[in-house]
Amino acid sequence: MDDKFDCIVIGGGVAGLAASMMLAKANMKFLLIERGEFAGAKNVSGGVLWGNDLAKLVPNYWEEEDGGWERFINHRRLTFMDEQSTFSLDFKSSHFNEKPYTGVVVLRSKFDNWLSGKVQEAIDASDYAMDSFIATNIKVDEVLMENGKAVGIKTGEDEFHADSVIIAEGVNNLLTRQVGLQDNYVPADHMLTGIKEIIRFDQEVLEQKFQLNGLSGMSNEFVGWATDGVEGGGFLYTNRDTISLGLVVGIKDMREKKRSPHDLLNHFKTHPTIADIIKDGEIVEYSAHVVSSGDARAMPKELYKDGILIAGEAANLLMNAGKAIQGMDYAMRSGILAAETIIEAKEKGDFSSATLKNYRAKLDQSYVMKDINNFQDAVHLLHTETMQKKVPNLVCDFGRQFFTIKNEPTPKSEKMLLGAIKRHASLWELLKLGFKARKSL
Ligand SMILES: Cc1cc2nc3c(=O)[nH]c(=O)nc-3n(C[C@H](O)[C@H](O)[C@H](O)COP(=O)(O)OP(=O)(O)OC[C@H]3O[C@@H](n4cnc5c(N)ncnc54)[C@H](O)[C@@H]3O)c2cc1C
């Protein structure tokens, strides 16, 4: 048996693990390389894994109560915030209790490690049980190229050879740049920083606080005062006995406003609504990580080359139009499609871009690129001052009037609304916003 692999997968995050699972199940000989001590050791995410691709990789994963996931989402909330108030769109439905779930909260160090165990089980059951490997604590320094085609990777003094390489290295995509698929300079306004604290409670207390039943969970996104004028938003997700509370904020805007991520998170935590939630909780983890903004202009020039495919956030596949951050589901689907393309290339005996370009076609036909393309205007709209500041202030102002009952005659709601609009924006601005929102959402 020769030493050459069919494929080397770089990165044991969601994209790399999804690709590896598919390769193992298709009896491919591959090597997955992760620089962390274990898969997930270096990963940060809020994080809800949306959709049900996980069930394709690990059927009936929900039967493993102690599997990689924390809670399934059946309660969603989008909150507008001003200095004192919060006004939420709140949706809870037992419809979301059906399996496979449409969203599960995960903590990445646990989830990735669990999924990596499942990949190992698939390797053990494959024809290449002794020849496919998951190698951790190894950083890939370089993708080896010969005549414009990838032929393997280099780590320190060691070289490993393969017919193909899937680069799933995440948002800090240095190898994608090395192979010439991404410009070395990515503008800072296309990038955000995510900051997150994990706050622990007694499990019963947490379940009462959020009215959770069994393993049900809640996801909550925040727009407005949360980020103190810096573009971005907040999030809160319920885990088993902790919550993930954090922000994603624009790197350029944060630098221009001379704010730090830590300082902004502390600001968010002082809001009366948040302070009530986190009271008596114990901070057990703090982490920060760069995250794409969802601006398609940050994507690599192409996602394939002779012998190479780019998957997950290395390809800047992410969307956040205000409703949810979708990065892990995109990573999972792109990892699956990349592996499918490699499997087809092996059958054809052709790993050149003539075959690998099918990956791009598959991705374009999938919900990933369809949504990224369809919702670009919504991504940009979310980052405007109107959406970041004026709308949350207006909505909270209206809410305060609407829900206040005094021993005085109550004005009609329309009058309250017009008053709130006047104080925070103009009718013209809102008409423009409505028009843009109608087209972009
Ligand atoms: C604060 C925050 C909140 C988020 N919330 C959500 C959410 O709620 N829902 C959601 O879907 N997404 C969320 N995201 C986005 C999501 O985390 C990413 O989109 C997703 O992790 C991308 O997966 P990936 O596999 O492409 O990359 P990653 O998860 O970053 O994995 C890349 C892997 O490659 C490894 N690696 C990198 N370079 C090398 C190298 N040279 N050699 C070997 N290994 C290497 C890394 O160690 C890492 O394990 C959030 C992100 C942040 C920061």
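Below is a short write-up of the structure.

Criteria and thresholds
- Residues numbered from 1 in each chain as written.
- Predicted model: local features only at pLDDT ≥ 70, side-chain atom pairs only at ≥ 80, totals over all residues.
- Heavy atoms only, no water.
- Helix = DSSP H or I, 4+ residues; strand = E, 2+ residues; numbered from the N terminus.
- Rg over C-alpha atoms; globule rule 2.2 N^0.38 Å.
- Contact = heavy atoms within 4.5 Å.
- Areas by Shrake-Rupley, 256 points an atom, 1.4 Å probe, with all protein chains shown as cover.
- Lys, Arg positive; Asp, Glu negative; His and termini not counted.
- Charge placed at Lys NZ, Arg CZ, Asp CG, Glu CD.
- Core = buried A, V, L, I, M, F, W, Y, C linked by side-chain atoms within 4.5 Å.
- Buried < 20%, exposed > 50% of the residue type's maximum accessible area, 1.4 Å probe, protein only.
- Near = heavy atom within 4 Å.
- Polar contact = N/O pair within 3.5 Å; in protein donor to acceptor, adjacent residues only side chain to side chain.
- Pairing = 2+ DSSP bridges.
- Right-handed = clockwise from strand over helix to strand, strands pointing away.
- Axes fitted to C-alpha atoms, helices over the stretch in contact; angles between N-to-C directions.
- Parallel < 35°, antiparallel > 145°, perpendicular 65-115°, else oblique.
- Nonpolar A, V, L, I, M, F, W, Y, C, P; charged D, E, K, R; others polar.
- Salt bridge = Lys/Arg side-chain N within 4 Å of Asp/Glu carboxyl O.

Attention now moves to the overall build of the chain. For the chain, the count of helices and strands is 15 helices and 17 strands. In terms of overall size, the chain behaves like a compact globule, its C-alpha atoms giving a radius of gyration of 23 Å where 441 residues would be expected to give roughly 22 Å. When the backbone C-alpha atoms are referred to their principal axes, the chain occupies close to 85 × 45 × 40 Å. Summarising the internal contacts of the chain: among those between residues at least 6 apart in sequence, 73% fall at separations of at least 24. Carbon and sulfur atoms make up 50% of the accessible area of the chain, which totals about 19,900 Å². Across the chain, the mean location of the 52 positive side-chain charges is 8 Å away from that of the 62 negative side-chain charges.

With that settled, the discussion passes to the nonpolar core. Judged by nonpolar contacts, the single largest core of 82 residues is most densely connected at Leu54, Tyr61 and Met332. The element that contributes the greatest number of residues to this core is helix H9 (residues 328-348), accounting for 11 residues. With sequence-adjacent residues up to four places away left out, Tyr61 is seen in contact with Leu54, Ala55, Trp69, Tyr101, Val104 and Trp114.

It is worth spelling out the site of the ligand at this point. In the vicinity of the ligand lie 38 residues, with Glu34, Val48, Arg108, Glu313 and Met328 positioned nearest. Between an oxygen atom of the ligand and a side-chain N or O atom of Arg35, the distance comes to 3.0 Å. Contacts to the ligand include Val48, whose backbone N or O atom sits 2.8 Å from a nitrogen atom. Notes on the ligand: free accessible area 1,000 Å², of which the protein chains cover 97%. At the level of elements, helix H1 (14-25), strand S13 (232-238), strand S15 (282-292) and H9 are the ones that each hand at least two residues to the shell around the ligand. Considering every element that reaches the shell around the ligand, the biggest residue donor is H9, with 3 residues.

Moving on: the pairing of strand S2 (residues 30-33). Going residue by residue along S2, you find Phe30 and Leu32 tucked away on one face and Leu31 and Ile33 tucked away on the opposite face as well. Of the pairings in the sheet, the one linking strand S1 (residues 5-10) to S2 comprises 4 bridges and is parallel in character. Each bridged residue has a counterpart across the sheet, and for Ile10 the counterpart in S2 is Ile33. In terms of handedness, the path from S1 via H1 over to S2 forms a crossover that is right-handed. Sheet topology places S2 next to strand S7 (residues 133-135); 3 bridges connect them, and they run parallel. Paired with Ile33 across the bridge in S7 is Ala135.

Turning next to the packing of H9 against helix H11 (residues 367-374). Where H9 contacts H11, the two axes come as close as 9 Å, and the packing angle between them is 135°. By the angle between their directions, the pair H9 and H11 is classed as oblique. Mapping the contact onto sequence places Asp329, Tyr330 and Arg333 in H9 and Tyr367, Val368, Asp371 and Ile372 in H11. For the contact of H9 with H11, a count of residues per class yields 4 nonpolar, no polar and 3 charged.

What the rule picks out here adds up to 27 salt bridges. Across the salt bridge formed by Asp90 and Arg77, the nearest N and O atoms sit 2.6 Å from each other. Here Asp90 is found in strand S5 (residues 86-92), whereas its partner Arg77 is found in strand S4 (residues 69-81), with 13 residues between them in sequence. Between Lys301 and Asp183 there is a salt bridge whose closest N-O contact spans 3.5 Å. Taken together, the positions of Lys301 in the loop between S15 and strand S16 (304-305) and Asp183 in the loop between helix H4 (174-178) and strand S11 (191-200) put the pair 118 residues apart, joining distant regions of the chain.

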